[in-house]
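# Structure at a glance
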Amino acid sequence: MHTFKISTIITAGGISSRFGSNKLLEEIQIDGKKTSVILASIEKFVPYSAEIIVPSHNDVREHIENCAPKEFLAKIKFADFGDTRQKSVFKGLLKCNENPPDFVLIHDGARPFVERDTIEKAIEKLKIYKGVCVGVFAVDTIKITDSKGIITRTIDRNAVFQAQTPQCFDFKTIFEAHFKLKDENFTDDSSLLEHFGVDVYALKASAANKKITFKEDLV
């Protein structure tokens, strides 16, 4: 049976005007122990990854180097952080391409609550699809407004999928998409495959997989 090589890219810019400090270095309690947001995010992917690429600023890199367990550091490599998310991910993909994997999992470092069951299901779906996007279907009623703030229509929330991460891909497919669109500014990676008409599977996850945006999200 073929064993797939998996690389993970965890984006770790961490600068957020809404949060008020570098949220990735904040302490949280998860799975019964205290750690930082970024280390909790990394830990979730260690069992599945041959390598973990972290595009990051110096403060996050120093924190990881000083605080991560040795078994984490054995898999972690660093890349420069770009001035957009897309550029940061591409720098991570270039690092992966030095010894290309079969699959790559791309995850926001500010999502430490992702469940391992979700990661495993996404990897299984990659045996069928070139891309898998984790997320949740909308539960609120979704309204479209015009530039003046007037509601123009209501759309079917059953068709609205709110993207989270990880977003998982056949490596060659996502690398080529990033290379061809490297001068654009897409806000998530699935959109690059959508641009070329490549099917991306929507994998329903948990609302617990929230992104740390405000101080209250750490609770």
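What counts and what doesn't
Residues numbered from 1 in each chain as written. Predicted model: local features only at pLDDT ≥ 70, side-chain atom pairs only at ≥ 80, totals over all residues. Heavy atoms only, no water. Core = buried A, V, L, I, M, F, W, Y, C linked by side-chain atoms within 4.5 Å. Buried < 20%, exposed > 50% of the residue type's maximum accessible area, 1.4 Å probe, protein only. Helix = DSSP H or I, 4+ residues; strand = E, 2+ residues; numbered from the N terminus. Contact = heavy atoms within 4.5 Å. Salt bridge = Lys/Arg side-chain N within 4 Å of Asp/Glu carboxyl O.

### A word on the nonpolar core
The nonpolar side chains of soluble globular proteins are, as a tendency, buried together. Residues Ile 38, Ile 42, Ile 52, Val 54, Ile 64, Ile 76 and Leu 105 are the most contacted members of the largest nonpolar core, which totals 37 residues. In terms of residues, this core owes the most to one element, helix α1 (residues 37-45), which gives six residues. Non-local contacts of Leu 105, meaning those with residues more than four positions away in its chain, are made with Ile 6, Ser 7, Thr 8, Ile 9, Phe 45, Ile 119, Ile 123, Leu 126, Gln 167 and Cys 168. Ranked by size, the runner-up nonpolar core spans 17 residues in total, among them Val 89, Phe 175, Leu 192 and Leu 193.

### Overview of the pattern of salt bridges
Once their charged atoms are close, side chains differing in charge can pair, the charge on each being opposite to the other. In this structure the tally under the stated criterion is nine salt bridges. Put simply, Lys 33 and Glu 43 hold a salt bridge, and the shortest N to O gap is 2.9 Å. Note that Lys 33 is positioned in strand β3 (residues 33-36) and Glu 43 in helix α1, a separation of 10 residues in sequence. With a closest N to O distance of 2.9 Å, Lys 127 and Glu 124 form a salt bridge. Residue classification places Lys 127 among the partly exposed positions, given a relative accessible area of 46%. Taken together, the salt bridges that share partners define one network made up of Arg 85, Asp 108, Arg 111 and Asp 189.

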